[in-house]
Amino acid sequence: MEETLADYYRDEQEIRTPVHFSIGQEASAVGVCAATTPQDWVYTSHRSHAPYLAKGGDLDALVAELYGRQDGCAHGRGGSMHVIDQAAGFAGSAAILGEMIPVAVGTAWAFARNGEARVALTYFGDGATEEGVFAESLNFAAVHKTPVVFVCENNLYSACSPLSARQPAGTSITGRSEAAGVPSELVDGNDVFAVHAAAQRAVAHAREGHGPFLLELSTYRWRAHVGPDWDHDYGYRSKEEIDEWTAQCPIVRATAALRAEEPDIDAAVADWRTRFEREIHQSVDRAKALPFPSVDGLLDGAYLPLAR
Amino acid sequence: MRKLTYGQAISEATVQCMLQDDRIFVAGEGVDDVNGTFGTTKEAFARFGAGRVIDMPNAENATAGFAIGAAAAGFRPLLVHIRADFMFLALDPLVNLAAKWRYTYGGDKGGVPVVTRGVVGRGWGQGATHSQSPHATFAHYPGLHVATPASPADAKGLLVQALTGDTPVVLIENRNLYSLTGEVPTEAVPIPFGVGRIARPGQDVTVVAASLMVHEAERAAEQLALRGISVEVVDVRSLRPLDDDIICSSVAKTGRLVVADTSWSRYGFAAEVAAVVAENVPQALLAPVRRITLPDSPAPVSQPLEEAYHPSADAIADACLAVCGEARGDLPGLVDVAAGFQGPF
Ligand SMILES: Cc1ncc(C[n+]2csc(CCOP(=O)(O)OP(=O)(O)O)c2C)c(N)n1
């Protein structure tokens, strides 16, 4: 899906909203979201599309949002960094680092307060763990045993800054989590089965009232921090490093892992690819045929109309 | 005089000040990366290295507090935020400590001259958190100086003032200005805060503007000149201190006021300018004040909404015509400074 969107993005210049692609990080989106029900809410940061889709978010509404259409999931107000599909349990995404982490804690607290066996999850990057709000949120969640799963997609970079420039050697995100009293697991984030198994444990832990859990998923984004480009020419990471990680493609690995059990897996993957490519092209065509929001409604949504 | 871009002027000011004063250091997320904060921190990093141009973790609150501590101990931090929106995470230390430091410790123990650069401005569909300009927010608090350079010369001079003065300063730069060129002095000459500039003299209407809107006002003025309407454009340069005198004497001369700003009207820069005029030269006004600002909503992403959202040269021209009691007629539309932007960011 995102590969195709990236092509449109680059070639047509009609998706006029900054997009942070998750290409290469599919296993963390799929493996975790598959361990949730639509009643469990997922919040994310700016890298939002993959979890949105993995959670079952409506594809047409996402694409229409990227094209700025009134029928977009945020009616053309929010763009790529502010997508939402409440029916699927995708509860929102935001652009400011760390911003949704305490929000997920609040939702989880509310679920627990209502006596519901629901879980809130929040995706964020390694960079977001440097925000103070990460520590503050872990602390509250641990004290109050809130049913929240923190999902850190550690892709080693914050824009162009490597993890080594930002976090001290010998420390880890799981270590910080443990120190705050939140149990955690470090998982190969490109192995969808490992991610899924860990996510099931984490979600069960939260759902059964044992409090928060943190998953750190080691993964890698293939494209530039924002936009459709490859960025190994810019000097902050090498072509070799990207090649090493593309060789760890989560989809290729999942396919390989299934080959012994499912002899037809390659054909099935090829079929899925054709089907999803058709779907995404259709969604783009549909989005482009939709009207833009009317300028008369520019202020709609800022407030409810005032009673006078 | 030789010409530089606005971005080059900031870079030059940074490097020259760092050469003159080794207590100055730069800190911010990605200041050392390939993009070098729209090119403004690249040369400083190339010259002074990672010891003085420091890539910070994503920790704006701690970074601002850290800078205050370093400043209290004699250093001169220059913090850089590639989007000013991230400064909201630094509000507490900047507002509760930096702004008040000198005063709360009695006035004679020294202040903390932390300088913060924040970048604002639309690109494409940046949305609610990346299209807002918090200059008025910071200008609200006594103790901070807040400047919004509009020209390359001011980008250099105001930064030099910030880095050589003794008060904490917030500089808000519009990303659409980085490529504009203008004459810039070779030496690091400070431009004092609180002294506005007549960007274009005129007789019939005063447009008071800050930052990018100075350029949009100049475009509008050029076009209205064809109609025989003479517009005076006042660039305030700094919001705090604000040059009340230049605003009031211009309005006393023209009798008409339009304020143009890239932020919202309510409780903002435009409201403040209107209040200054109402308090000081109310009898001068021949027509009600007009404010050209953002509509009262967060920024939308969708292209037609975004086009309608951002204040334009056309809107300024319309407001000037209105206060002069004239109709727009067949005046052609104007293209905004930010119009040529290409994505992704
Ligand atoms: C408070 C705040 N500071 C800085 C930024 C700028 N920024 C946007 S994305 C990003 C990189 C974040 O890295 P990470 O959290 O690891 O997520 P990734 O992009 O790698 O998925 C940065 C620094 C921001 N959005 N919000």
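Rules of the game
Every residue gets a number counted from 1 within its own chain, in the order that chain's sequence is written. To label them, take the chains in the order written and letter them from A, then take the ligands in the order written and number them from 1. Side-chain atom pairs in this predicted model are given and counted only at pLDDT of 80 or more, local residue features only at pLDDT of at least 70, and totals for whole chains, interfaces and linings cover all residues. Side-chain metrics rest on all non-hydrogen atoms present in the structure, leaving aside hydrogens and water. UniProt positions are given in the numbering used here, feature names are shortened, and annotations may be inferred rather than shown by experiment. Every helix listed is a DSSP run of H or I at least four residues long, and every strand listed is a run of E at least two residues long, numbered separately from the N terminus. Radius of gyration: over C-alpha atoms. The globule rule applied is 2.2 Å multiplied by the number of residues raised to the 0.38 power. Here's how the labels work: a residue is buried when its accessible area is under 20% of the maximum for its type, exposed when over 50%, partly exposed in between, all with a 1.4 Å probe on protein chains only. Any two residues whose heavy atoms approach within 4.5 Å are treated as being in contact. For the area figures, the Shrake-Rupley method with a 1.4 Å probe applies, and any residue is considered shielded solely by the protein chains shown. Charge assignment in this entry is limited to Lys and Arg as positive and Asp and Glu as negative, and neither His nor the chain termini are counted. For charged residues, the charge sits on one atom: NZ in Lys, CZ in Arg, CG in Asp, CD in Glu. Throughout, near means a residue has at least one heavy atom within 4 Å of the molecule or strand. Distance and chemistry together define a polar contact, namely a pair of N or O atoms within 3.5 Å, with one atom able to donate a hydrogen and the other to accept it when in protein, and with adjacent residues in sequence counting only for side-chain atoms on both sides. In this classification, Asp, Glu, Lys and Arg are treated as charged, Ala, Val, Leu, Ile, Met, Phe, Trp, Tyr, Cys and Pro as nonpolar, and every other residue, Gly included, as polar. The patch calculation keeps residues exceeding 30% relative accessible area without a salt bridge and links them within 9 Å when they carry like charges or within 5 Å when they are nonpolar (Val, Leu, Ile, Met, Phe, Trp, Tyr). The salt bridge definition used is simple: a Lys or Arg side-chain nitrogen within 4 Å of an Asp or Glu carboxyl oxygen. A pair of strands is considered paired only if DSSP assigns at least 2 bridges between the two. Helix axes use the C-alpha atoms of the stretch in contact, all axes being lines fitted to C-alpha atoms, and the angles between their N-to-C directions lie in the range 0 to 180 degrees. Of the grid points, spaced at 1 Å and generated over the protein atoms alone, those admitting a 1.4 Å probe that cannot get out make up cavities, while open sets with protein on both sides within 12 Å along at least five of seven lines make up pockets; any residue with an atom within 4 Å of a point is treated as lining. Grid points are joined across faces, edges and corners, and a volume is the space filled by probe spheres set on the points. With its strands directed away from the observer, a crossover is right-handed exactly when the path from the first strand over the helix to the second travels clockwise. Here, nonpolar core refers to any group of buried Ala, Val, Leu, Ile, Met, Phe, Trp, Tyr and Cys residues whose side-chain atoms link them within 4.5 Å.

Going by the annotation in an unreviewed UniProt entry, the name recorded for chain B is Alpha-ketoacid dehydrogenase subunit beta, with Kitasatospora cathayae given as the source organism.

Going by what an unreviewed UniProt entry lists, chain A is known as Thiamine pyrophosphate-dependent dehydrogenase E1 component subunit alpha and is assigned to Kitasatospora cathayae. As recorded by UniProt, the Cofactor (unreviewed entry) comment attached to chain A reads in full: "thiamine diphosphate".

**Quick look at the overall build of chain B**
Along the backbone of chain B there are 12 helices and 14 strands. Since a compact globule built from 345 residues should have a radius of gyration of about 20 Å, the 20 Å found for chain B is in line with a globular shape. By principal-axis analysis of the C-alpha atoms, chain B measures approximately 60 × 45 × 40 Å. In chain B, buried positions account for 60% of the 345 residues. Restricting the contact set of chain B to residue pairs at least 6 apart, pairs at least 24 apart contribute 82%. Total accessible area computed for chain B in this model is approximately 12,600 Å², and 54% of it derives from carbon and sulfur atoms. One way to put it: in chain B the 27 positive side-chain charges average out to a point 2 Å from where the 37 negative ones average out.

**Considerations on the overall build of chain A**
When helices and strands are counted, chain A shows 12 helices and 8 strands. Taking 2.2 N^0.38 as the reference for a compact globule, 308 residues should give roughly 19 Å; the C-alpha atoms of chain A span a radius of gyration of 19 Å, in line with that estimate. When each of the 308 residues of chain A is scored for burial, the buried share is 52%. Considering only contacts within chain A whose residues lie at least 6 apart along the sequence, 70% involve residues at least 24 apart. Accessible surface, chain A as shown: approximately 13,200 Å² in total, 55% of it carbon and sulfur. Looking at charge distribution, chain A has the averaged site of its 25 positive side-chain charges lying 3 Å from that of its 43 negative ones.

**A look at the UniProt feature "domain: Dehydrogenase E1 component" (unreviewed entry) in chain A**
Listed under "domain: Dehydrogenase E1 component" (unreviewed entry) in the UniProt record, and renumbered for this structure, are residues 10-294 of chain A. Overall, residues 10-294 of chain A shows 42% helix and 13% strand. The separation of its end C-alpha atoms is 26 Å.

**Some points on the site of the ligand**
In the region of the ligand, 20 residues are neighbours, and A:His46, A:Arg47, A:Ala95, A:Gly127 and B:Glu60 sit closest. Residues close to the ligand are split across chains A and B. Interatomic distance of 3.0 Å between a backbone N/O atom of A:Ala128 and an oxygen atom of the ligand. Taking B:Glu29, its side chain carries an N or O atom lying 3.4 Å from a nitrogen atom of the ligand. A class-by-class count of the residues in the shell around the ligand yields 8 nonpolar, 7 polar and 5 charged.

**What to know about a negative patch on the surface**
Residues and elements named next belong to chain B. A contiguous patch of negative charge on the surface is contributed by Asp-244, Asp-245, Glu-272 and Glu-279. Broken down by secondary-structure element, the contributors of at least two residues to the negative patch are α9 (244-254) and α10 (269-280). Structurally, Asp-245 is set in helix α9. Assessed through its relative accessible area of 61%, Asp-245 is described here as exposed.

**Here we look at the sheet that holds strand β10 (residues 205-209) of chain B**
Residues and elements named next belong to chain B. Spatially, β9-β11-β10-β13-β14 is the arrangement adopted by the 5 strands of the open sheet, whose pairing is mixed. Two strands in the sheet have a free side with no partner beyond their single neighbour: β9 (197-200) and β14 (290-294). Within the sheet, the average angular offset between the axes of one strand and its neighbour, ignoring direction, is 25 degrees. Note that β10 and strand β13 (residues 257-264) share 4 bridges and pair parallel. Across the sheet, residue Val-207 finds its bridge partner in β13, namely Val-258.

**Some words on helix α4 (residues 59-66) of chain A**
Residues and elements named next belong to chain A. Burial analysis of α4 places 7 of its 8 residues in the buried class, which makes it a mostly covered element. Residues of α4 that are buried include every one of Leu-59, Ala-61, Leu-62, Val-63, Ala-64, Glu-65 and Leu-66, and no others. Looking at where α4 begins, the residue whose side-chain oxygen comes 3.1 Å from the main-chain nitrogen of Asp-60 is Asp-58. Just downstream of α4 lies Gly-68, where phi reads positive at about 70 degrees.

**Points about empty space enclosed by the protein**
Residues and elements named next belong to chain B. Across all of its chains, the model carries 3 cavities of 30 Å³ or more by this definition. Surrounding the largest cavity, 16 residues form its lining, Arg-122, Asn-174, Leu-212, Thr-262 and His-310 being those nearest its centre. Among the elements that take part in the lining of the largest cavity, helix α8 (residues 212-225) stands out by supplying 3 residues, more than any other. Here the lining of the largest cavity is composed, by residue class, of 6 nonpolar, 7 polar and 3 charged. Reported here for the second largest cavity is a volume of approximately 40 Å³. Contributing to the lining of the second largest cavity are Ala-27, Gly-28, Glu-29, Met-56, Pro-57, Glu-60, Thr-63, Val-80 and His-81. Of all elements in the fold, only β2 (24-28), α3 (60-72) and β4 (76-81) reach the threshold of two or more residues within the lining of the second largest cavity. Residue composition of the lining of the second largest cavity, by class: 4 nonpolar, 3 polar and 2 charged.

**Thoughts on the pairing of strand β7 (residues 184-188) of chain A**
Residue and element names in this part refer to chain A. Across 5 bridges, the pairing between β7 and strand β8 (residues 213-218) is parallel. The residue of β8 that forms the bridge with Asp-188 is Ser-218. Regarding topology, helix α9 (residues 192-207) serves as the crossover connection from β7 to the parallel β8, and that connection is right-handed.

**Looking at the nonpolar core**
Within soluble globular proteins, side chains that are nonpolar tend to cluster in buried spots. Residue and element names in this part refer to chain B. Membership of the largest hydrophobic core comes to 44 residues, with the highest contact counts inside it found for Val-208, Val-236, Ile-247 and Phe-269. Put simply, the parts of the chain that give this core at least two residues each are β2, α3, α4 (91-98), α6 (135-139), β7 (169-174), α9, β13 and α10. Counting residues in each nonpolar core, the second largest holds 35 residues, with Ala-147, Val-160, Leu-171 and Leu-212 among its members.

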